[in-house]
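Analysis of the macromolecular model
Next come the chains, spelled out residue by residue.
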Amino acid sequence: MTRTSSLSERPERHGPRRLADWLNPTGERKVHSLVDKIYQRKNLRVAWERVKRNRGAGGIDGEDLQAFEAELDANLERLHGELREGTYAPLPVLQHRIPKAGKPGQHRVLGIPTIYDRVCQQAMLNRLEPIFEPVFDEANFGYRSGRSTKDALKKIWRELEQGNEWVVDADLKDFLRNSLRDRCWFQAVAELFGPPRKVA
């Protein structure tokens, strides 16, 4: 008997698979620029609160959460202005090498952005996540809010209990770095949001 897995062959959600179709099912109009919604002062304040709640170390500029908060109003106003004027440019990330378990001599590089850049990233996430999250398949667990490795393991156990026995572990090496060379990413962004606006 042939068995299939609901991880991909039988998806739990049967909505449109292309993001453009989901966002604009009639094809009448595009989602226009979100940058003005990203740099709204209220959104930047919410972004700061989430960054503060997540804690974490400072980046390459040496500024920690306490130092950022001491000049909070000035920092958020500067970020608001840079995003509005299109002059925002992130600093390089602080690189921290972490040994790979069971692989002597091999390391994983952890990039630590500055607090300032983390606030900007969180502000973007605040606006983009509600747009993209409903499109993701229910079987996707990586880098999604409210989902963990434990949730993924529960999904695997449910599959096994239903008689689905195949487990495939795959890793696409440097997927984002290599795939960003392909212009189709930029065409997809333009299809959804209009021509991209260069920020930095």
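Up top you'll find the structure we're talking about.
1. Examining the packing of aromatic side chains
Each aromatic ring pair is characterised by the separation of its centres together with the angle its planes make. Inspection of every chain in the model, using the stated rule, returns two aromatic pairs. Ring geometry for Tyr88 versus Tyr116: centroids 6.3 Å apart, planes at 35°, classification tilted. Placement of the pair is Tyr88 in the loop between helix 5 (72–85) and strand 1 (94–99) and Tyr116 in helix 6 (residues 115–132), with a sequence separation of 28 residues. For Tyr88, a relative accessible area of 7% puts it in the buried group. Note on Tyr116: relative accessible area 7%, which makes it buried. Cation over ring: Arg78 sits above Tyr116, and NZ or CZ is 4.0 Å from the ring centre. We note Arg147 situated over the ring of Phe141; from NZ or CZ to the ring centre the distance is 5.0 Å.

2. Observations regarding the packing of helix 3 (residues 41–54) against helix 6
Two numbers describe how helix 3 lies on helix 6: the axes approach to 8 Å, and their chain directions differ by 115°. In this structure, helix 3 meets helix 6 at a crossing whose hand is right-handed. Listed contacts from helix 6 to Asn43, Leu44, Val46, Ala47, Trp48, Arg50 and Val51 of helix 3 are Ile115, Arg118, Val119, Gln122, Ala123, Asn126 and Arg127. In the contact of helix 3 with helix 6, the residues fall into eight nonpolar, three polar and three charged.

Conventions adopted
Residues numbered from 1 in each chain as written. Predicted model: local features only at pLDDT ≥ 70, side-chain atom pairs only at ≥ 80, totals over all residues. Heavy atoms only, no water. Phe/Tyr/Trp six-rings, centres within 6.5 Å; stacked < 30°, edge-to-face > 60°. Helix = DSSP H or I, 4+ residues; strand = E, 2+ residues; numbered from the N terminus. Buried < 20%, exposed > 50% of the residue type's maximum accessible area, 1.4 Å probe, protein only. Lys NZ or Arg CZ within 6 Å of the ring centre and 35° of its normal. Axes fitted to C-alpha atoms, helices over the stretch in contact; angles between N-to-C directions. Left-handed = near helix turned anticlockwise from the far one by under 90°. Contact = heavy atoms within 4.5 Å. Nonpolar A, V, L, I, M, F, W, Y, C, P; charged D, E, K, R; others polar.

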